[in-house]
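# Observations on the model geometry
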Amino acid sequence: MNKFIDLRSDTVTRPSQQMRKAMYEAEVGDDVFQEDPTVNDLQEFAAELLGKEAALFVSSGVMGNQLCLNVLTNPGDEVICEKDAHIFQYESGSPAVLSGIQLSPIEGKYGVITSEQIEPCIRPASAYYMPRTKVVTIENTHNRAGGTIHPIENILHIKELVKKNNLYFHLDGARIWNASVASKISVREYASHFDSISCCLSKGLGAPVGSIIAGTKEFIKEAFRVRKSWGGGMRQVGILAAAGLYALKNNIERLTEDHQKARALAETINEISSFEIDLNAVQTNIVIFKSNLLSVEQVISDCKEQGLLISEGRPGYLRAITHLDVSFNDIENAKKVLKSLF
Ligand code: TLP
């Protein structure tokens, strides 16, 4: 094998020739003046796709989530999330740093928390000595749980509870496109249940950079202000927005292929007795599994020696993610490497 098969993340994709052409040809202007026509097109297109009044192009998924939380809260507030949520595990403690808020994590199953679990965690309004619960957030698909889809009925139950308690509902939809293609529920339908949504262009959709947040006009106006205060005003960024637009127009439906690749890989892993995998968790493009014989570090380095890159999915577990830069043939080769380890 003369090149690595890189399954560490769907963030590793490189822009295709057609995407690069769109970037090259993009009309640009100063986005801090809101005068970049390509950024404006992307934001309008995304708002329409998500069925929201407005959208904002931001540099990353972390920036998107944190802007949303910042706009929805005040310092001292609390946000309820799932224990393995990206917002809790992988965003460098920025809810505390950037917004002065704390998180209240609840342990879910397949990344899913229920309204029965959430209700007792909502602080009573009369308890002035407690933090104020302000937001409930969920992740769809759920990364650490293995790309699992949050069932729509459960979203509806949480929404009802959120509304009853005058809270906000935020969606970390970094991979909402994968959830939508696999469940056949439109992103618009998913987004309609949330006050704010953050979704990535730079994962399965293959853009080199960027995320979109969406909500009401008022919400996005405030997010635009906060983004600037965090140093996120990006000037002639239409070059990057063009890649995002290309991704939204061309790369959503093809995610089904990535899901097929993940399923094929997972089934082989299931046949290797030294690996353990929960096939029920393999619902989209993420495969989380563990080795009964070798440490996570050992498997990662043995695979690397044979040209296969995988990563740690959560403590003690391995992760392989399929994406548009790996072919079915690459998956066949990845299977061979995994089979050869024991
Ligand atoms: N996830 C990355 C790593 O940070 C783990 C990956 O390789 O999967 N929400 C979710 C659900 C995510 O999985 C990620 C990135 C983000 C937010 C943050 O996106 P970026 O990396 O663009 O800031």
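Residues numbered from 1 in each chain as written. Predicted model: local features only at pLDDT ≥ 70, side-chain atom pairs only at ≥ 80, totals over all residues. Heavy atoms only, no water.

## Focus: the environment of Arg235
Relative to the helices and strands, Arg235 is located in the loop between helix 10 (217-229) and helix 11 (238-250). Look at Arg235 and you get partly exposed, because its relative accessible area is 35%. Distance from Arg235 to Gln18, taken between C-alpha atoms, is 23 Å for residues 217 residues apart in sequence. Apart from the residues lying within four places of it in its own chain, the contact partners of Arg235 are Gly29, Asp30, Asp31, Val32 and Asp36. Separated by 3.0 Å, the side chains of Arg235 and Asp30 make a polar contact. (Helix = DSSP H or I, 4+ residues; strand = E, 2+ residues; numbered from the N terminus. Buried < 20%, exposed > 50% of the residue type's maximum accessible area, 1.4 Å probe, protein only. Contact = heavy atoms within 4.5 Å. Polar contact = N/O pair within 3.5 Å; in protein donor to acceptor, adjacent residues only side chain to side chain.)

## With respect to the sheet that holds strand 2 (residues 54-58)
Reading across from one edge, 2-8-7-6-5-3-4 is the order of the 7 strands in this open sheet, with mixed pairing throughout. The strands lining the two open edges of the sheet, one partner per strand, are strand 2 and strand 4 (102-106). Mean inter-strand twist for the sheet, computed between neighbouring axes without regard to direction, equals 20°. Relative to strand 8 (residues 211-215), strand 7 (residues 196-200) runs antiparallel, the two sharing 4 bridges. Bridge pairing in strand 8 places Cys200 opposite Ser211. Running at roughly 125° to strand 2, helix 2 (residues 37-50) makes contact with strand 2, strand 7 and strand 8 of the sheet. (Pairing = 2+ DSSP bridges. Axes fitted to C-alpha atoms, helices over the stretch in contact; angles between N-to-C directions.)

## A word on the layout of surface pockets
Taken as a whole, the largest pocket holds about 340 Å³ of empty space. Lining the largest pocket we find 20 residues, and of these Tyr110, Arg144, Ala145, Arg314 and Tyr317 sit closest to its centre. At the level of secondary structure, the elements contributing two or more residues to the lining of the largest pocket comprise strand 9 (275-277) and strand 10 (286-291). In terms of residues, the lining of the largest pocket owes the most to one element, strand 10, which gives 3 residues. Partitioning the lining of the largest pocket into residue classes produces 7 nonpolar, 3 polar and 10 charged. Each of domain 1 (5-12 + 254-341) and domain 2 (17-250) contributes no fewer than three residues to the lining of the largest pocket. (1 Å grid on protein atoms, 1.4 Å probe; cavity = no way out; pocket = protein on both sides within 12 Å on 5 of 7 lines; lining within 4 Å. Points joined across faces, edges and corners; volume = space filled by probe spheres on them. Nonpolar A, V, L, I, M, F, W, Y, C, P; charged D, E, K, R; others polar. Domains from an automatic or database assignment.)

## Structural notes on the site of the ligand
Taken together, 15 residues sit near the ligand, with Ser9, His86, Asn143, Asp172 and Arg175 positioned nearest. In the model, an oxygen atom of the ligand is placed 2.8 Å from a nitrogen or oxygen of the His86 side chain. Measuring from an oxygen atom of the ligand, one finds a side-chain N or O atom of Lys203 at 2.9 Å. For the ligand, the protein covers 82% of the area, taking 510 Å² as the surface of the free molecule. With 3 residues, the top contributor of residues to the shell around the ligand is helix 3 (residues 61-72). (Near = heavy atom within 4 Å. Areas by Shrake-Rupley, 256 points an atom, 1.4 Å probe, with all protein chains shown as cover.)

## Observations regarding the domain arrangement of the protein
Here the domain parsing of the protein yields domain 1 (5-12 + 254-341) and domain 2 (17-250). The C-alpha-based centres of domain 1 and domain 2 are spaced at 27 Å. Each partner contributes to the interface: domain 1 provides 22 residues, whereas domain 2 provides 22 residues. Summed over both sides, the interface of domain 1 with domain 2 buries roughly 1700 Å², with 50% coming from carbon and sulfur. Together, Asp10, Leu255 and Gln283 form the three largest contributors to the area buried by domain 1 at its contact with domain 2, with a combined 29%. (Buried area = accessible area lost by both parts, 1.4 Å probe.)

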